[in-house]
Amino acid sequence: MRHRVLVAAAAWWCVACSAPRPEPGGETPATSAATGTWCDKLPRVENRGFARVDVPSAWHEVYQVEPGVFAITEPRQFQEAISYLIVGDSSAVLFDSGIGLVPLAPVVKALTALPVRVLNSHSHFDHVGANHEFDQVLALDTPFTRANEAGKPHERIADEVAPTAFCGAAPSGADTAAFRSQPWQVTRRVKLGDTLAVGGRTLEIVAAPGHTPDAIVLLDRANGLLFTGDTFYESTLWFFAAETDIGAYEQTMQRLAALAPSLRRVLPAHNTVSASPARLQVVADAVGELRRGGGVREVDGERERVTVGDVRFLVRRAAP
Ligand SMILES: [Zn+2]
């Protein structure tokens, strides 16, 4: 989740809170819709250079980013979540499964007939939404992951399906009045450092704590690809929710930045399907600067907006 961790937290600790909820660039869905600044970015310019792949879904838009790598995007819901199907010679891995508003399994079946294992970059609801549609789901064994396997009730995520959450209409067939995040079953626990062989391609599960305790990135070392989940994407990075740990995140980003020279491409879980590996060092440096007290700061209630160069963070305010 990029933005709505705060919404869930607000519902939990401040039921009456009705402060505007920030969106990328500080916009709320309502103001975004009113000004067109969010919807008018679609399709994002960074994605337009990749080939679109026809799939049996009016909701998902699929791009082929690399041979055997498909980015399954949901651009018309404000999270703009991206799941990645990574196809080998003998099987495939689905890295995240989106928000779960529209069935995903038919899209995946259209892209590969091979067996598919689902693995999530972390267990926020907007990345695990279609896990329940698949019969092979891998996950870390952490208390945070186990808690999220129960799904999320409608009350916790109602704002995700409010009219202002969409560009245009809600997807046809989705019951937005009752939408909830479905529980999901883990069929095999995996560990940090495990590898997933899919035939001609090996994916390494790399620890990336910070955004959540169970955040991982997926490294395709031979092909120079790093699937970063919410550990890196090109928008405001959130460190407000209780499960975030910005100290752990700084260490994570330093490790990932050290990988950058060996990478050709970074594939984030929101907004854009490809980014330059050089951005990892930029963010690593920025979070270090933030933790040393630097950056341009703007207090926003219990939160603080911190801008370091072109990297934006929203963090918990330090205790006085
Ligand atoms: Zn998240």
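Everything numeric in this text was worked out from a predicted model, so none of it was measured.

Definitions and limits used
Numbers given to residues run from 1 along each chain, matching the order in which its sequence is written. For a predicted model such as this one, the threshold for reporting local features is a pLDDT of at least 70, and the threshold for listing and counting side-chain atom pairs is 80 or more; totals across whole chains, interfaces and linings nevertheless cover every residue. Going along the chain from the N terminus, every DSSP run of H or I of four or more residues is numbered as a helix, and every run of E of two or more is numbered as a strand. Every C-beta atom is placed from the backbone, and the number of other C-beta atoms within 10 Å of a residue's own sets its class: buried at 20 or more, exposed at 12 or fewer, partly exposed in between. Residues are scored as being in contact if the C-beta atoms we place from backbone atoms lie within 7 Å. A pair of strands is treated as paired once DSSP finds two or more bridges between them. Axes here refer to lines fitted to C-alpha atoms; in helices the fit is confined to the stretch in contact. Angles between the N-to-C directions go from 0 to 180 degrees. pLDDT gives the predictor's per-residue confidence on a scale running from 0 to 100. As used here, a nonpolar core is made of buried Ala, Val, Leu, Ile, Met, Phe, Trp, Tyr and Cys residues. They are joined through C-beta atoms within 7 Å. In a helix, the anticipated span is given by 1.5 Å times the number of residues less one. The directions from the helix axis to the C-beta atoms are what the arc is built from.

Caption draft 1: Representation of the overall build of the protein chain. Helices and strands together make up the secondary structure of the protein chain, namely 8 helices and 17 strands. With 320 residues in all, the protein chain has 43% of them scored as buried. At a minimum sequence separation of 6, the contacts of the protein chain that also span at least 24 residues come to 60%.

Caption draft 2: Seen up close, the pairing of strand E10 (residues 202-207). In terms of strand pairing, strand E9 (residues 195-197) meets E10 through 3 bridges, oriented antiparallel. When the bridges of E10 are listed, Leu 196 appears paired with Leu 203. In this structure, the hairpin formed by E9 and E10 is closed by a connection of 4 residues, where Gly 199 is found at a positive phi of approximately 95°. As paired strands, E10 and strand E11 (residues 216-220) are joined by 4 bridges and run antiparallel to one another. Residue pairing in the sheet places Glu 204 in a bridge with Leu 219 of E11.

Caption draft 3: Expanded view of the sheet that holds E10. Taken in spatial order, the 5 strands line up as E9-E10-E11-E12-E14 in an open sheet, and their pairing is mixed. Only two strands of the sheet have a single neighbouring strand rather than two, namely E9 and strand E14 (265-268). Each strand axis lies, on average, 20° off the axis of its neighbour in the sheet, ignoring direction. The sheet contact formed by strand E12 (residues 225-229) and E14 spans 4 bridges and is parallel. Pairing of Leu 225 across the sheet is with Arg 265, part of E14.

Caption draft 4: Spotlight on the sheet that holds strand E13 (residues 237-239). With mixed pairing, the 4 strands of this open sheet are ordered in space as E13-E17-E16-E15. With one partner strand each, in any of the chains shown, E13 and strand E15 (296-300) form the two edges of the open sheet. Shown here is a sheet whose adjacent strand axes are inclined to one another by a mean of 20°, direction ignored. Relative to strand E17 (residues 311-316), strand E16 (residues 303-308) is paired through 6 bridges, and the arrangement is antiparallel. Bridge pairing in E17 places Val 306 opposite Phe 313.

Caption draft 5: Region of the structure containing the confidence of the model for the protein chain. Summing up the model confidence of the protein chain, the mean pLDDT is 89 and the portion of residues at 70 or higher is 88%. Every residue in residues 4-35 is under pLDDT 50, and counting partners more than four places away or in other chains gives 43 contacts.

Caption draft 6: Quick look at the nonpolar core. In this structure, Ala 71, Tyr 84, Leu 85, Ile 86, Val 93 and Val 217 are the most contacted members of the largest nonpolar core, which totals 73 residues. Broken down by element, the residue count for this core peaks at 6 residues, all from helix H8 (residues 278-291). Not counting residues up to four positions away in its chain, the partners in contact with Val 217 are Val 206, Ala 208, Leu 226, Phe 227, Thr 228, Gly 229, Thr 231 and Leu 256. Judged by nonpolar contacts, the second largest core, of 5 residues, contains Trp 38, Phe 78, Val 161 and Phe 166.

Caption draft 7: Local environment of unusual backbone geometry. Residue Leu 42 is joined to Pro 43 through a cis peptide bond whose omega torsion reads -15°. Residue position: Pro 43 is located in the loop between helix H2 (29-35) and strand E1 (51-53). Its identity as a non-glycine residue notwithstanding, Glu 80 has a phi of 50°, on the positive side. Position of Glu 80 among the secondary structure elements: in the loop between strand E3 (69-73) and strand E4 (82-87).

Caption draft 8: Spatial organisation of helix H7 (residues 246-259). With 14 residues, H7 ought to run about 20 Å at 1.5 Å a step, and its terminal C-alpha atoms sit 20 Å apart, in line with that. Residues of H7 that are buried include every one of Tyr 249, Thr 252, Met 253 and Leu 256, and no others. The buried residues of H7 occupy an angular sector of 100° when the element is viewed end-on, so they sit on one face. Away from its buried face by more than 90 degrees, H7 exposes Gly 247 and Ala 258. Those residues of H7 that are buried are in contact with E11, E13 and H8.

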